[in-house]
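Summary of structural features
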Amino acid sequence: MRLKITESKNSKSLYVIRSTYENGKHSSKIVEKLGTYAELVEKLNGQDPITWAKKYIAELNELEKTGKREVILKYSPAKRIKKDEQYSFNGGYLFLQKIYFALGLHTICEQIAKKYKFTFNLSAVLSRLLYARILFPASKLATMQIAQKFIETSEFELQHIYRSLGIIAKESELIQAELYKNSLRIAKRNTNILYYDCTNFFFEIEQESGLKQYGLSKEHRPNPIVQLGLFMDGDGIPLAFNISEGNTNEQITMTPLEQKLLKDFELSKLIVCTDAGLASTANRKFNDKENRAFITTQSIKKLKKHLQQWALSKKEWKIPGKEGIYDISKLDTDETIANAYKNVTFYKERRIRENDLEQKLVVTYSIKYRNYQREIRKAQIERAIKLVDKNPQNISKHNQNDFKRFISKKSITADGEMASKNLYNIDTERIAHEELFDGYYGVCTNLEDSAQTILKLNHQRWEIEESFRIMKTEFKARPVYLSRDDRISAHFTTCFLALTMYRFLEKKLGARYTCREIISGLRDMNFYKIVGEGYVPTYTRNDFTDALHEAFEFRTDYQIINSQQIKKIFKATQS
C-alpha cells in the first residue's frame, strides 16, 4: 500500500491505495480515504499530514504482513455492480487440490506432456475434470463453465479438454500405476487384502458399437452398457480398474487386471476377495499358487447336496470367542431363546475339495440376517400379489432376484384342459424353498486363518459396493453420453481418479462424515471476492469445516482472507 495525493482547485485529498493485478490488467484500488489536507491539519493539531500518512501506511503494511490489518469496506445502494464481473467463487476444491498434488498427479501430467510434446496445460485440464466430477458433476462442455467457479483461474480451452480425453485414455494404465507409486509417499497402502468387483454403466442410446454392447444390466435397463472392474485395497482406496465391452463375462475380467497389478504395481503377496459371481474355478485356481490366496462368497443353494445338508443342519454350530457346540433349531420356534441370541452370529466350518481345489467352507447363521431376508421377501410377495390381482398382463420374464419369480404360470386348468388364457398364482412352493436358506451365509477360501478372521475380511466388501454407488449417484458417472471408445475410457479414468482422491480425503477426516456430508460441505464452501482485498467466506462454519481445516493444516474460515493469505493457501495446496 502507498500514499496517493489528489489535488483539485480548492483542496488536496490523501488516500491509501493498493496496486492490483486482475485478469491480466494492472490497476489500483482505494483502500482508505484519509481526508483532505486541511481536515488532517486540524485533526493532527498542526502535525504534517503527509509525514503522518506515510507513517500510518507503514504501520498498515506491517499489520498486513502479519495478517492483522482490519479491512474497511464501503458499499453504495445507488451504485450498480460491474457488468460480467464475477464475485462468488467456490473454495472447497482447495482441499481436493491438496490431495491432487500430494498424489503427484501434476507430475504424471508433466511426464505425459513430455512424451506427446503438446503445449497446453494437461494438469489444469485434468484437475478441473476431477474437482468438477466430485463437486459439480456435469458434461465436459459444462466443466469449462464450472471451472470458472473456482477461485483460481484455469488457462485452457474446450478443445484442450477433448484433446486431453484421447491422451488420458491412451495413458490410463500408466496413470494408474504411477498414481499407486505416488500414493505410497503419503500413506501406507494395505495391499495384503484386495477386493474386486464389477458393475456396469448404461448409455442413453439404442445402437451397439465398440465398448457399448447389450449385456446383463445391473440396473435392468434396456440400453447398451460398458463394464467396469475395480480393485480396491484393504482400506477401501481404489487401486486399479479396467473397462470391457458390456457383453463380457465378468468372471474373465479379473485375472488380466490382477496380472497387471503383479507386474506394474510390483505386488506379490495378496489375498483377493470377491463375491460369488466372480468366483469361477479358474479365478480361484489362479489365486491358489505362490503367495496369493482367495476369499469368496459361496451360495448355499449351489452347494452339492451333502454340503448343503451339512450347512443347513441345525447342529454343530459355534459362537466366536466361546467354547461349546450349539443347536440352533429352537431359534425359529422359541422367542425367548431367539431374543437371547438376536445379536449373535453362529458359524461352522469344514474342509472341502471341489474341482481339484482344497478349500475351507465357512457358513454363518444370524437371526438379524434371517429377519432382513424375510422382510425383503415379504415386500416382494406383496408386489407379486398386487401384480397378479390387478395387472397380470404386465407379467413377463424375470431374473432370479425379481419379485416376479414368486408368480407361477399355468396354461391348463385343474381338469387338464387348455386354458383360454394364462393362469397366474403365487408360487408357495418356491417361497417355502427360499425360506429354508434364510439367515445362512457362506464363504470359501484357501486360507488357513480362523473363521472369524476370514469373515471379518470378507465383510469389508461393502466398501467396494459403496464405491460403485458413489460413482453412479454422487459423481453422476451414468448415463454416459460419450460415443467414442477412447473418450469413454477417459471418462472412467477420471471417475476412478476422482474416487481415489475422495477416498483419501475421507480417510484424512477419520471416516467421521458420510459421502453426502463431505461433498455438500465442500460444495457449499463459497467466497465473496472483495476486489483488491481478498475473499470473504459466505459458508457456515461448523464441525465439518473445523475438522477439514485441522486435517489439512490451512484455514479459510477467517472473516476475510486477504490477498497475501490466499496466495499462501494456493501455495500450500500445490506442494
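Just so we're clear, the structure is a prediction, and the values are computed from it rather than from any experiment. (Residues numbered from 1 in each chain as written. Predicted model: local features only at pLDDT ≥ 70, side-chain atom pairs only at ≥ 80, totals over all residues. Heavy atoms only, no water.)

**Thoughts on the overall build of the protein chain**
Regarding its fold elements, the protein chain presents 20 helices and 17 strands. Since a compact globule built from 575 residues should have a radius of gyration of about 25 Å, the 32 Å found for the protein chain marks it as more spread out than a globular shape. Looking at the protein chain as a whole, 48% of its 575 residues are labelled buried. Restricting the contact set of the protein chain to residue pairs at least 6 apart, pairs at least 24 apart contribute 63%. Taken as a whole, the protein chain presents about 30900 Å² of accessible surface, with 48% of it coming from carbon and sulfur. Each charge class in the protein chain can be summarised by its mean position, and for the 93 positive and 72 negative side chains these summaries are 4 Å apart. (Helix = DSSP H or I, 4+ residues; strand = E, 2+ residues; numbered from the N terminus. Rg over C-alpha atoms; globule rule 2.2 N^0.38 Å. Buried < 20%, exposed > 50% of the residue type's maximum accessible area, 1.4 Å probe, protein only. Contact = heavy atoms within 4.5 Å. Areas by Shrake-Rupley, 256 points an atom, 1.4 Å probe, with all protein chains shown as cover. Lys, Arg positive; Asp, Glu negative; His and termini not counted. Charge placed at Lys NZ, Arg CZ, Asp CG, Glu CD.)

**Topic: the side chain of Arg128**
Here Arg128 shows up in helix α5 (residues 122-135). No salt bridge forms around the buried Arg128; measuring N to O, its nearest opposite-charge neighbour Glu152 is 4.6 Å away. Here the side chain of Arg128 touches Glu152 through a polar contact of 3.5 Å, landing on its backbone oxygen. Not counting chain neighbours up to four residues away, the residues in contact with Arg128 comprise Gln97, Thr143, Ala147, Phe150, Glu152, Thr153, Ser154 and Phe156. (Salt bridge = Lys/Arg side-chain N within 4 Å of Asp/Glu carboxyl O. Polar contact = N/O pair within 3.5 Å; in protein donor to acceptor, adjacent residues only side chain to side chain.)

**Structural notes on the packing of helix α4 (residues 105-116) against helix α8 (residues 172-183)**
Close contact between α4 and α8 brings their axes to 10 Å; oriented N to C, the two are set at 140°. In terms of their interaxial angle, α4 and α8 are classed as oblique. Pair α4 / α8 crosses with right-handed handedness. Here Leu105, Thr107, Ile108, Gln111 and Ile112 of α4 come into contact with α8, specifically with Leu174, Ile175, Glu178, Leu179 and Asn182. Looking at the contact of α4 with α8 residue by residue, the classes come out as six nonpolar, three polar and one charged. (Axes fitted to C-alpha atoms, helices over the stretch in contact; angles between N-to-C directions. Parallel < 35°, antiparallel > 145°, perpendicular 65-115°, else oblique. Left-handed = near helix turned anticlockwise from the far one by under 90°. Nonpolar A, V, L, I, M, F, W, Y, C, P; charged D, E, K, R; others polar.)

**A closer look at the environment of Lys314**
Summarising the element assignment, Lys314 is placed in the loop between α11 (305-312) and α12 (335-340). Sequence-distant contacts of Lys314, that is, excluding residues within four places in its chain, are made with Tyr326, Asp327, Ile328, Ser329, Asp332 and Tyr440. A polar contact is formed between the side chain of Lys314 and the side chain of Tyr440, at a distance of 3.1 Å.

**Considerations on the sheet that holds strand β15 (residues 526-530)**
Read from one edge of the open sheet, four strands run β4-β15-β16-β17, paired in antiparallel fashion. Edge positions in the sheet fall to β4 (88-90) and β17 (561-562), since each of these pairs with one other strand and no more. When β15 meets strand β16 (residues 534-537), the two strands line up antiparallel, connected through four bridges. Residue pairing for β16: Phe527 is matched across the bridge by Pro537. (Pairing = 2+ DSSP bridges.)

**Observations regarding unusual backbone geometry**
Cis geometry is found at the peptide bond from Arg478 to Pro479, where omega equals -5°. By secondary structure assignment, the location of Pro479 is in the loop between α16 (462-474) and α17 (485-508). Despite not being glycine, Glu290 has its phi angle at roughly 50°, a positive value.

**Some remarks on the confidence of the model for the protein chain**
One rule of thumb: low pLDDT means the predicted coordinates there are not for detailed reading. Per-residue pLDDT for the protein chain averages 91, and the proportion of residues at 70 or more is 96%. Across the protein chain, helix α3 (residues 93-102) holds the top mean pLDDT of 98, while strand β13 (residues 418-426) sits lowest at 69. (pLDDT = per-residue confidence, 0-100.)

**Focus on the packing of aromatic side chains**
In the structure shown here, the tally under the stated rule is 27 aromatic pairs. Both rings, one in Tyr100 and one in Phe101, keep their centres 5.5 Å apart while their planes meet at 70°; by these two values the pair is edge-to-face. Judged by relative accessible area, which is 0%, Tyr100 ranks as buried. When the ring of Phe201 is compared with that of Phe492, the centres are 4.8 Å apart and the planes differ by 55°; the resulting orientation is tilted. Taken together, the residues span a long stretch of sequence, with Phe201 in strand β5 (residues 193-202) and Phe492 in helix α17 at a distance of 291 residues. Classification of Phe492 by relative accessible area gives buried; the value is 0%. Grouping aromatic residues by their ring pairs yields a cluster made of Tyr93, Tyr100, Phe101, Tyr131, Phe136 and Phe150. One cation-aromatic arrangement involves Lys12 over Tyr37; the distance from NZ or CZ to the ring centre is 4.4 Å. (Phe/Tyr/Trp six-rings, centres within 6.5 Å; stacked < 30°, edge-to-face > 60°. Lys NZ or Arg CZ within 6 Å of the ring centre and 35° of its normal.)

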